[in-house]
Every structure is written in structure tokens, then in C-alpha cells.
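One letter stands for each residue in the lines below.
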Amino acid sequence: MNYAESLTPRERRHYENVAIASTMFGGTSTQIVESSAPIVLYLTLLGGSRSAAMFSTSLPSLSNILLLIPCAAFAARWGLRKTYTLSSTAGFLSFLLIAGAPYFGDFARTAVICGTFAYAMTVTFYTSTWYPLLDNILTPQTRSTFFSRMRFTYMSFNTVFLFFLGKFLTQNSSLGVLQCVFVFAGLLLWGRKLCMDRLPIAPEMSRESPDLRKSLTTCLGNRPLVNFSLYLGCMYLIVPAGIPLALVAMKTCLSLENGTIVVISSIALAGRMAGYLLMGILSGRVSMRALVIGTHLAALLSVALLVFITPDTPKLAVVLGGIFFLHGMVWALLLCINSVEMLAHARPGNKIMAIAFCSTAIAVGTVAGTLITSALLGASALPENFTVSGISFGKFQLFFAAYTLALLLFLALLPIVPAVTRKQR
């Protein structure tokens, strides 16, 4: 029996609500950075370039690749509470540095980039503690419904928050107002810490090995974890890159208006929210095996449909909206599946490192897929249009066909995915 099963249902529900509240505090701060709009506007007012702003918003993903595993070893050595307290403190100071950038004169833009980079590192420390903390309050039977409820609540809250923040910044975009926004974001991190302080920690979690080599060796010897991480890394090569590539195609090839593109992209957000709700509904009715296979096939369909999209497609915007909605659902289901399954495969005594190992595979796949696609898009060797058997294709259709082929090949990995092969509960 794990620690969560020793809690009463009422206690578990209370701690789940506290955990969700913590994501609303900390997630809002992260969204302010990752949504890019406040940073872009801030750097513009400071005389910086948009490219510098976009670079700053990519730092969290790169930080995950480089630091998740070392941060997990740090958390095992110093304890979960000290680690997330350090993360909250350093994150608050990072936002203060960003807010204070105008006082650095000629180095103002550098201060913003440094503050954003420092915050990206603090998120990595936080991530190394978040899932291990959840493992103390979630039983195998409640994981799916919790992640469905948590992510739907978190996304709904942040969508509303960012909408009103955008409206506010449109009318009040002075440096002083933006400085107040960043100070406010830093203060929210203390709300996250206070919520996490109320979550229990199992005694055995404080006894995990801080030896990085030993912990990694244990992870590599955990075949279900390694197999699942391999599958996730491959899936994240494709899924996160689909929407951005489609958006570029809509602007450059399909010649859609900016307003139409914004509306269609927002439909993907609606799809994600629907996906979170669907996960909660399906988790009690179908097996994890069916969820994994169904999500893979849905991902394959969402990409394959884009191969056949041309400027002459009837009701083009409506069709693209449907595809984006499906892609958003796939993204949400995949995110919930990886959260549930990596907790299931983390061995007692090595959970902190196991979760970092799996999360690193996701980050590697995400960044690699984006970088490969970006590099190939800029390659002059690829023709804009080509003909096969008398049928004309564009460059973007070639990319989506390659994505489809990759997802077809990744079907061969399903037999090694533990959720597909294990006896279902």
C-alpha cells in the first residue's frame, strides 16, 4: 500500500484541491513568461527586438533538457520542501530583476533576458518536486480523474486571466504598468509555495538516494519506464510541432486572413479543454490501453488530414478549425496519459529521478521536433512545389506527409508501451 492509500477519501480530495490551487498560482506566473506577449511588449518598450523576446520564451524547454535530471538529484539530497522553497524564492527574485530592468540603463534588455533565464531554471527545480508531491496524495485509481480536473481548471483559469491581462495591457502598456505585472507574477509564486507546504510527504520519499549515478542506473534498469519514455520522446517529436507548422502554412500558403488564423488557433485551445474533460469521462470507462492506442490513432488522423489541405479545399476555415480542435484534444489526452503513466512506472525509492528521466525525454522530443522542422523549413534545397504522378504538392504537404509517416512508424512502438502490454486493472 502506498502512502496515498493510507489517507481517507476526504483527506485525498482536500489535498487534491490544494494541489490544484498551487497550479493556479504558479501556472499564472509561468504563463506570463511563456505566452510571450508581456515579455515582447516589455522588451519593445525597452528598445529590444522581437527575436530577443522570442528567444527568452524558449528558455524553459531548453532548461528542462539540461537541468531536470541534475535538479532531481538536488531534490533527493536536500528534500522536496527545501527545493521548491528555493525555486519560489529564486523565481520571485527573477521577476523582481525583470521588473527592475529599466533601472539598469543600457543593460535593461540584458536584465530581462537574464531574469527570464533565471526563472526558467527555477521552473526546472519546481518540476522536479511537483510530481513526486502528487504521488503522495494520488492513488492509481484517482490519477486520471485528478489530472483531467486539474488541467481543465488550470487552463480555464489561465485562459481567462491572460485574456483580461491582454485587454488591460492594450489600454495601459506603459513601463510602470508592466513592471507591476511582473512584481505581481513574482508574488504569486509565494501562493504556490504556501499551497505546496500543506501537501503531505511520505516518509520513504525523504530517503531517496541523492547519488545521481545510482539513481540514473536504477532508471535505466526500469524497463517499463525506459520504454514509455522512448515512446513519449517519439510522440513529442511530432505532436507539438503540428500546430505551429500549420499556422505558418495558413499564413504563407493558404493565404488566410490574420483574424481567421487567430480564431482557428483558439479552437485548438477549446480542443485541449475538451480533451481534459474527455480524459476524466473516459478514465473510468475504458482501459489505459484503449486510451493510449486511441490517442495515437487520433494524432495520426489530425496530421494526415493536413496533407490534403489546399487553398481550394471547400470551407477551408471550417475544416481547419475541426482539425485544430482534434489536435488540441490529442495534445490534452497525451499530456494526461504521460502524467498518469510516469507516476505508475516510478519505482519506490527512485520516484524523483524516474519522473525527471521521463520528463527529460518529453523535453528532448519537443525541442528536437521543433528545431528539425525549423531547419528544414529554411532549407533552400526543398522546392516550394513538386509533382508526383501528375499530382501537385506543396512544401508544407510534404512535411505533414512526413509527420504522418513517422506516426505510422511509431505504431510499431506500441507493443513496448507498458499500458498497452500489461494486464489492465
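Chains are numbered independently. Their residues run from 1 in the order of the written sequence. Where totals are concerned, whole chains, interfaces and linings use all residues; where local detail is concerned, this predicted model gives features only for residues with pLDDT of at least 70, and gives and counts side-chain atom pairs only at 80 or more. Side-chain measures here rest on the full set of heavy atoms in the structure, leaving out hydrogens and waters.

**Brief notes about the overall build of the protein**
- Numbering of helices and strands starts at the N terminus; helices are DSSP runs of H or I of at least 4 residues and strands are runs of E of at least 2. Across its full length, the protein holds 16 helices and two strands.
- Note on classification: 1.4 Å probe, protein chains only; a residue is buried when its accessible area is under 20% of the maximum for its type, exposed when over 50%, partly exposed between these limits. The buried share of the protein, reckoned over its 425 residues, is 50%.
- We call two residues contacting when some pair of their heavy atoms lies within 4.5 Å. Taking the contacts inside the protein whose residues are at least 6 apart along the sequence as the reference set, 84% of them involve residues at least 24 apart.
- Surface accessibility of the protein: about 18,900 Å² in total, with carbon and sulfur atoms responsible for 68%. With residues, only the protein chains shown are counted as cover, and all accessible areas are computed by Shrake-Rupley using a 1.4 Å probe.

**Observations regarding the packing of aromatic side chains**
- Between 30 and 60 degrees the pair is tilted, below 30 it is stacked and above 60 it is edge-to-face, where a pair is any two Phe, Tyr or Trp rings, Trp via its six-membered ring, whose centres lie within 6.5 Å. Applying the stated criterion across every chain yields a total of nine aromatic pairs.
- Arranged with centres 6.1 Å apart and planes meeting at 40 degrees, the rings of Tyr131 and Phe147 form a pair that is tilted. Placement of Tyr131 in helix α6 (residues 108-134) and of Phe147 in helix α7 (residues 143-171) is noted, with a sequence separation of 16 residues between them. The residues Tyr131 and Phe147 share a single accessibility class, namely buried.
- Within the aromatic cluster, the residues linked to one another by ring pairs are Phe74, Trp78 and Phe125.

**Thoughts on a nonpolar patch on the surface**
- A contiguous nonpolar patch, built from Leu93, Leu96, Val183 and Leu187 and spanning about 320 Å² of accessible area, is present on the exposed surface.
- Elements with a minimum of two residues in the nonpolar patch: α5 (80-99) and α8 (175-197).
- Inspection of the secondary structure puts Leu96 in helix α5. Like charges are joined within 9 Å and nonpolar side chains (Val, Leu, Ile, Met, Phe, Trp, Tyr) within 5 Å, but only among residues with over 30% relative accessible area and no salt bridge; these make up the patches. Think of a salt bridge as a Lys or Arg side-chain nitrogen and an Asp or Glu carboxyl oxygen that are within 4 Å of each other.

**Remarks on the side chain of Thr366**
- As for its placement among the helices and strands, Thr366 is situated in helix α14 (residues 351-377).
- We call two N or O atoms a polar contact when they sit within 3.5 Å, provided that within protein one can donate a hydrogen and the other can accept it, with sequence-adjacent residues counted only if both atoms are side-chain atoms. Here Ile362 takes part through its backbone oxygen, which lies 2.9 Å from a polar atom of the side chain of Thr366.
- Among all residues touching Thr366, those that are not within four sequence positions of it are Tyr236 and Pro240.

**Considerations on the pattern of salt bridges**
- All told, the structure shown has four salt bridges when counted by the stated rule.
- Measuring nitrogen to oxygen at the nearest pair gives 2.7 Å for the salt bridge that ties Lys193 to Asp197. Pair noted here: Lys193 and Asp197 are both in helix α8, with a separation of four residues, about one helical turn.
- Judged by its relative accessible area of 30%, Asp197 is partly exposed.

**A look at the environment of Leu199**
- Structurally, the position occupied by Leu199 is in the loop between α8 and α9 (212-220).
- Among the residues examined, Leu199 registers a relative accessible area of 1% and is labelled buried.

**A word on unusual backbone geometry**
- Even without glycine at this site, Lys315 takes up a positive phi of about 50 degrees.
- Looking at the secondary structure, you find Lys315 in the loop between α12 (288-307) and α13 (316-345).

**Observations regarding α13**
- Between the first and last C-alpha of α13 there are 43 Å, a value that for 30 residues agrees with the 44 Å anticipated at 1.5 Å per step.
- Buried residues dominate α13, accounting for 22 of its 30 residues. Multiplying one less than the number of residues by 1.5 Å gives the expected span of a helix.

**What about the confidence of the model for the protein?**
- Of all residues in the protein, 88% have pLDDT values of 70 or greater, and the mean over the chain is 84.
- One confidence number per residue, pLDDT, is output by the predictor and ranges from 0 to 100. Highest mean pLDDT in the protein belongs to α5 (94); lowest belongs to helix α3 (residues 50-57) (50).

**Here's the deal with the packing of helix α10 (residues 223-252) against helix α15 (residues 395-410)**
- A fitted line through C-alpha atoms represents every axis, and for helices the fit uses only the stretch in contact; the resulting angles, taken between N-to-C directions, go from 0 to 180 degrees. One way to put it is that α10 packs onto α15 with a least axis distance of 10 Å and a crossing angle of 160 degrees. In terms of orientation, α10 and α15 fall into the roughly antiparallel class. Crossing of α10 against α15: the hand is left-handed. On α15, the residues that touch Tyr231, Cys234, Met235, Leu237, Ile238, Ala241, Gly242, Leu245, Ala246, Val248, Ala249 and Thr252 of α10 are Phe396, Phe399, Phe400, Tyr403, Ala406, Leu407 and Phe410.
- Residues are grouped as follows: Ala, Val, Leu, Ile, Met, Phe, Trp, Tyr, Cys and Pro are nonpolar; Asp, Glu, Lys and Arg are charged; every other residue, Gly included, is polar. Taken together, the residues of the contact of α10 with α15 break down into 17 nonpolar, two polar and no charged. Note on angle classes: values under 35 degrees are labelled roughly parallel, values over 145 roughly antiparallel, values of 65 to 115 roughly perpendicular, and the remainder oblique. By definition, any crossing whose near helix is turned counterclockwise from its far helix by less than a right angle is left-handed, and any crossing with a clockwise turn is right-handed.

**Some remarks on the environment of Ile20**
- Residue placement: Ile20 occurs in helix α1 (residues 9-34).
- With relative accessibility at 6%, the residue Ile20 sits in the buried group.
- With 131 residues separating them in the primary sequence, Ile20 and Arg151 have C-alpha atoms 8.4 Å apart.
- Beyond its immediate stretch of four places on either side in the chain, Ile20 contacts Phe146, Arg149, Met150 and Thr153.

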